[in-house]
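Understanding the architecture of this molecule
Chain by chain, the residues:
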Amino acid sequence: MTDSITRITGNGGETHQHAGDDDAVLTTNHGVPISDNQNSLKSGERGPTLLEDFVLREKIFHFDHERIPERIVHARGSGAHGVFEATDDISDLTRAAVFTKGEKTEVFVRFSTVAGGAGSVDTPRDVRGFAVKFYTREGNWDLVGNNIPVFFIQDAIKFPDLVHAVKMEADRGYPQAGSAHDTFWDWASLMPESTHMLMWAMSDRTLPRSFRTMEGFGVHTFKLVNAEGKASFVKFHWKPKLGLQSTIWDEALKLQAADNDYQRRDLFEAIDTGAFPEWELGIQVFDQAFADAQPYDVLDATKLIPEEDVPVRIIGRMTLNRNVDNFFAETEQVAFLPTNIVPGIDFSNDPLLQGRLFSYLDTQKSRLGTTNFHQIPINAPRCPFGNFQRDGMMQTQVPKGRANYEPNSLAAHGEEGGPRESPVRGFATANAATGPDETGDKLRIRAERFADHYSQARLFYRSQTENEQAHIASSFVFELSKVGLLDQVPPRMVANLRNVDEDLAKRVADGLGIDLPPKAEAAREPVDMNPSEALSIHRNMKETLEGRAVGILIADGTDAAALDAVIAAVDGAKGKPVIVAPKVGGATLSDGSTRKADGQLAGTPSQLFDAVAVVLSDEGCKTLLKEGAAVQWVMDAFGHLKAIGASDAAQPLLDKAGVEADDGVTGLDDGFVEAAARRFYDREPKVRMLA
Ligand code: HDD
């Protein structure tokens, strides 16, 4: 009977061993070698599966429990390992070891979107998280920031409302990511304090081209504390080596269709190919006298400090040089905690920060299931750590001896007494609560100086280039046009915008086709501040091909020498050439050789690139004139304000795609690589109507 049973093993009956490695036998979680991973244990050939099949039960049981709750916000993220090097001596400001000049500290960084779930896309209009865990020799310091230096709210008690409003609507479960929907704008239009952040959110800051081309900010005012205990206020800034670069809205929308993982892939591939992303860490340092002299409160997270008022001093460099080995174990299980602070750095009284100090520790317990989440390798400090906290679920350490309390005198009996507090090395809160603001009555109140919600929103808007202002106005129009049922919301938002800038409000009202509503009453009248260059992306872009991709469209008949010359030029400028052809197998070039493509035309649209080259022969161009994807490829490159370098023979395709001559449209060798390092924002009025 048994002889007649065919064993379906899926691999011709061979055992599952890695060649040449006798130890690599598949086992259960308890180490028992497994003989058959293809068939469950049955009673007879066609009979029921048996309960005693512990191999099957363990496998399915574990599988059933693979998922953990996703993060309430910032669920979709990408992580990488790296190193931070302190490059300047700031021992006068802080005793933190991580800032000792020359000190190198291991880091783990997680970038994220905010609103979407873990399986959502990379390119919605959304704030990006920029969280850095420094494994310092004095414990972990987490700088849990965003790519925008201000926030929507001033007090943590409003955070659940903000997040409920922006995430998918409670009854219908959509939209999955992005803020263009009723409940977000209902809430935002009722919260004037969010106006400054909304200006940033509606700008191209929320459409970063890559994680590598965005700034990061600690947002809150923190403190640095030196060896004498003297505290200074500080704001932290990350400045990307590649400069700032964003996409534009139409491009971001199309990127979503082209590649859900656009930014995750970009980060992974950059590190994989040795193009290690880099940021400089900068600080703005100021004292109480400066804080007192400002019209805004430095404890208000809806305000920034203009770099023109307090310049950013560069004190270190971060390089991401290693991808994760396992996404779940590292990127998913990493637990950032603003409470992770080290001696020499301290919190301020910012009420948003103070609320965060509770939330993150709390959420990690629900996400990771145990108070021992700090023992997971990605979260564990790299320095020795120990205390008398004991036991709990998933305890993986085995503390020895009887010392689980303190004080103890076990050492006097020759037993291990355990660690002791160190007033000298230990973290000490900078200033005890001695100021008048920190004593007095217990009040649910906001300080009067938090009341100006519009001056910095105006500052931001007026610091942008004309194109950037048009993008902001158009984004407001787009987002508010998606408010479906709540008619009262767009006028209420525009009424707020009149406090920011009358021209902006008019453009948005006009774009929506509504009457300009009366100006909303401001809690405090805004004032004009001096425009700040640092707030504009366009003024802080780098003309470089480094870190950027150039799509090169070829077809049968493409001139081999011309193609090689473009590739060499792009390589020479540290760009990444990517060949696109109608067939992924490649094209037959003019010299009879075959050139494989990196991407097939229909699946590799031009929005994936920073610039494009169209290297076609007469014959190839004739074929592609009949291919919608080719016409769209060129049309989008033009519409997305990218450089287009083309062979003479490609001209009919450019004509069909509506390409008009400008500085960004070049021959193949005639300035193409220089042009490819830029975006041609001047072209925009030719290709779309902006608000
Ligand atoms: Fe938060 C995650 C950034 C305010 C509560 N936040 C989270 C992450 C980033 C930020 C980057 C993802 C970390 C990661 O990659 O794992 N959050 C900010 C910034 C804020 C801010 C820059 C304002 C300046 N957050 C904020 C407030 C609260 C929270 C006011 C609650 C009172 N944030 C959370 C959280 C999350 C979180 C619910 C979700 C997952 C997690 O913490 O680990 O606790």
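Since the structure is predicted, the reported quantities are computational estimates derived from the model, not experimental observations.

Focus on the site of the ligand
Close contacts around the ligand come from 21 residues, with Arg-71, Arg-110, Arg-356, Tyr-360 and Gln-364 the closest. In this structure, Arg-71 approaches the ligand through a side-chain N or O atom, which is 2.7 Å from an oxygen atom. Looking at the shell around the ligand, the elements that each hand over two or more residues are strand E3 (128–136), strand E4 (139–146) and helix H9 (351–368). If you tally residues by element for the shell around the ligand, the top one is H9, at 6 residues. In terms of residue class, the shell around the ligand is made up of 10 nonpolar, 8 polar and 3 charged.

Things to note about the coordination of the iron atom of the ligand
Only one protein atom coordinates the iron atom of the ligand: Tyr-360 (OH), located 1.8 Å from the metal. Structurally, the position occupied by Tyr-360 is in helix H9.

Things to note about helix H11 (residues 466–481)
The end-to-end C-alpha distance of H11, which contains 16 residues, comes to 22 Å, matching closely the 22 Å that a straight helix rising 1.5 Å per residue would cover. Extensive coverage of H11 is indicated by the burial of 13 of its 16 residues.

Looking at the UniProt feature "domain: Catalase core" (unreviewed entry) in the chain
This chain's UniProt record puts "domain: Catalase core" (unreviewed entry) on residues 27–414. Along residues 27–414 one finds 22% helix and 19% strand; the C-alpha atoms at either end are 43 Å apart.

Topic: the pairing of strand E16 (residues 611–614)
A two-sided burial pattern is seen for E16, the buried positions comprising Ala-611 and Ala-613 on one face and Val-612 and Val-614 on the other. In this structure, strand E11 (residues 549–553) lies alongside E16, joined through 4 bridges in parallel fashion. Each residue of the ladder has a partner; that of Gly-551, found in E16, is Val-612. The sheet contact formed by E16 and strand E17 (residues 643–646) spans 4 bridges and is parallel. Considered in E17, the bridge of Ala-613 is made with Gly-645.

Re the domain arrangement of the chain
Domain boundaries in the chain define domain 1 (1–66), domain 2 (77–162 + 213–375) and domain 3 (547–687). For domain 2 versus domain 3, the distance between C-alpha centres works out to 37 Å. Summing both partners gives a buried area of about 1,100 Å² for domain 2 against domain 3, and 47% of it is carried by carbon and sulfur. Its largest share of buried area at the contact with domain 3, domain 2 owes to Gln-245, Ile-248 and Glu-251, together 45% of the area lost on that side. For the pair domain 2 and domain 3, the interface holds 4 salt bridges. In this structure, Lys-254 engages Asp-636 in a salt bridge whose closest nitrogen and oxygen atoms are separated by 2.9 Å.

Notes on the packing of aromatic side chains
For any pair of aromatic rings, the description rests on two quantities: the centre-to-centre distance and the angle between the ring planes. Following the criterion strictly, the structure yields 24 aromatic pairs and no others. The residue whose ring lies beneath Lys-133 is Phe-336, and the NZ or CZ to ring-centre distance is 5.3 Å. For the cation-ring pair, Arg-382 lies above Tyr-135, with the distance from its terminal atom to the ring centre recorded as 3.7 Å.

Scoring rules and cut-offs
- Here the residue numbering is sequential within each chain, running from 1 through the sequence in written order.
- The predicted nature of this model means local features are confined to residues of pLDDT at least 70 and side-chain atom pairs, given and counted, to a pLDDT of 80 or more, with totals for whole chains, interfaces and linings taken over all residues.
- As a convention, hydrogens and water are excluded, and side-chain values are obtained from all of the structure's heavy atoms.
- Proximity criterion: a residue is near a molecule or strand once any of its heavy atoms comes within 4 Å of it.
- Two N or O atoms count as a polar contact when they lie within 3.5 Å, although within protein this holds only if one can serve as hydrogen donor and the other as acceptor, and sequence-adjacent residues are included solely when both atoms are side-chain atoms.
- Labels follow the DSSP assignment, with helices taken as runs of H or I lasting at least four residues and strands as runs of E lasting at least two, numbered in each case from the N terminus.
- As a working rule, the residues Ala, Val, Leu, Ile, Met, Phe, Trp, Tyr, Cys and Pro are called nonpolar, Asp, Glu, Lys and Arg charged, and the rest polar, with Gly in that last group.
- Any nitrogen, oxygen or sulfur atom within 2.8 Å of a metal ion counts as a donor, with the limit raised to 3.2 Å for Na, K and Ca, and since water is left out, coordination shells can look unfinished.
- Helix span, as expected, comes to 1.5 Å for every residue beyond the first.
- Relative accessibility decides the category of a residue: with a 1.4 Å probe and only protein chains considered, values under 20% of the type maximum give buried, values over 50% give exposed, and everything between is partly exposed.
- UniProt positions are given in the numbering used here, feature names are shortened, and annotations may be inferred rather than shown by experiment.
- Being paired, for any two strands, means DSSP has found at least two bridges between them.
- Each domain span listed reflects an automatic or database assignment of domains.
- A simple way to read buried area is as the amount of 1.4 Å-probe accessible surface that goes missing from two parts once joined, with both sides added.
- The salt bridge definition used is simple: a Lys or Arg side-chain nitrogen within 4 Å of an Asp or Glu carboxyl oxygen.
- Only Phe, Tyr and Trp rings are paired, with Trp represented by its six-membered ring, and only when their centres lie within 6.5 Å; those with planes under 30 degrees apart are stacked, over 60 edge-to-face, the remainder tilted.
- We count a charge as sitting over a ring when the NZ of a lysine or the CZ of an arginine lies within 6 Å of the ring centre and within 35 degrees of the ring normal.

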